[in-house]
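# Tertiary structure, described
Listed here are the chains, written in short residue letters.
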Amino acid sequence: RTIRGMVPHKTARGAAALDRLKCFEGIPHPFDRKKRMVIPAALKVLRLRPERKFCKLGDLSNLFGWKHQELISRLEGQRKVKSEAFHKKKVATQRSQKATAKKVKVSAEDQKVLEAAGFA
């Protein structure tokens, strides 16, 4: 409903846009394992002027009777803990791979083959 007020839903173009819209509470299964990225053009700090008031959709929904904000915040906390553990493990693996790559001695013949292939 909130987004419908922002879209010209009575036109064919607006109706098609609403049909393509997908809204989720939290991050659903296929997307929770994907890499996330920040879109600088969408940052609140860059988009809003300092004197403008704003609110979050979750807070607004909670005021109007949405009952799942605590659940979503708990699940988001669990996701952040898992994500941090995964990131630490990934960084440690990358460091060990770099250290191992530095220790490896390559013969002159193999070095020529690697340079010819573009890996050296």
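Residues numbered from 1 in each chain as written. Predicted model: local features only at pLDDT ≥ 70, side-chain atom pairs only at ≥ 80, totals over all residues. Heavy atoms only, no water.

### Details of helix α6 (residues 108–117)
Inclusion rule: Burial classification: accessible surface area is computed with a 1.4 Å probe over protein chains only, and a residue below 20% of its type maximum counts as buried, one above 50% as exposed, and the rest as partly exposed. Put simply, DSSP H or I for four residues or longer makes a helix, DSSP E for two residues or longer makes a strand, and each gets a number counted from the N terminus.
For α6, the buried fraction is low: zero of the 10 residues fall into the buried class. The positive-phi residue at the C-terminal boundary of α6 is G118, with phi of around 90°.

### Description of a nonpolar patch on the surface
Applied cut-off: Patch definition: residues with relative accessible area over 30% and no salt bridge; like charges joined within 9 Å; nonpolar side chains (Val, Leu, Ile, Met, Phe, Trp, Tyr) joined within 5 Å. Only the protein chains shown count as cover for residues, with accessible areas throughout obtained via the Shrake-Rupley method and a probe of 1.4 Å. Every case where a carboxyl oxygen of Asp or Glu lies within 4 Å of a side-chain nitrogen of Lys or Arg is listed as a salt bridge.
A contiguous nonpolar patch, built from V38, L43, V45 and L46 and spanning about 430 Å² of accessible area, is present on the exposed surface. Looking at the element boundaries, L46 is found in helix α3 (residues 44–47).

### Here we look at the pattern of salt bridges
Under the criterion given, the structure shown has three salt bridges. Of the charged contacts in the structure, one is a salt bridge between E51 and R49, with a shortest N-O distance of 2.7 Å. Here E76 makes a salt bridge to R79, at a shortest N to O gap of 2.5 Å. Of this pair, E76 and R79 both sit in helix α5 (residues 69–103), separated by three residues, roughly a single helical turn.

### Overview of the packing of aromatic side chains
Threshold: Stacked, tilted and edge-to-face are the three classes applied to pairs of Phe, Tyr and Trp rings, where Trp contributes its six-membered ring and a pair requires centres within 6.5 Å; stacked means planes under 30 degrees apart, edge-to-face means over 60, and tilted covers the rest.
Counted under the stated rule, the structure contains one aromatic pair. With a centroid separation of 6.0 Å and an interplanar angle of 50°, the aromatic rings of F24 and F31 are classed as tilted. In this structure F31 comes out as partly exposed when scored by relative accessible area, which is 42%.

### Points about the environment of Q69
Counted only if it meets this: Two N or O atoms form a polar contact when they lie within 3.5 Å of each other; inside protein one atom must be a possible hydrogen donor and the other a possible acceptor, and for residues adjacent in sequence the pair counts only when both atoms belong to side chains.
With respect to the element layout, Q69 can be found in helix α5. A sequence separation of 24 residues divides Q69 from V45, and the C-alpha atoms of the two residues are 24 Å apart. Reaching out from Q69, the side chain makes a polar contact with the side chain of N62 at a distance of 2.7 Å.

### Structural notes on the environment of A15
Considering the arrangement of structural elements, one finds A15 in helix α1 (residues 12–20). In the structure, A15 is positioned 16 residues away from F31 in sequence and 25 Å away in space, judged by C-alpha atoms.

### Re the confidence of the model for the protein
Formally: Note: pLDDT gives the predictor's confidence per residue, expressed from 0 to 100.
In this model, the protein carries an average pLDDT of 90, and 99% of its residues clear a pLDDT of 70 or more. Per-residue pLDDT, averaged within each element of the protein, yields its smallest value for helix α2 (residues 29–32) (86) and its largest for α1 (95).

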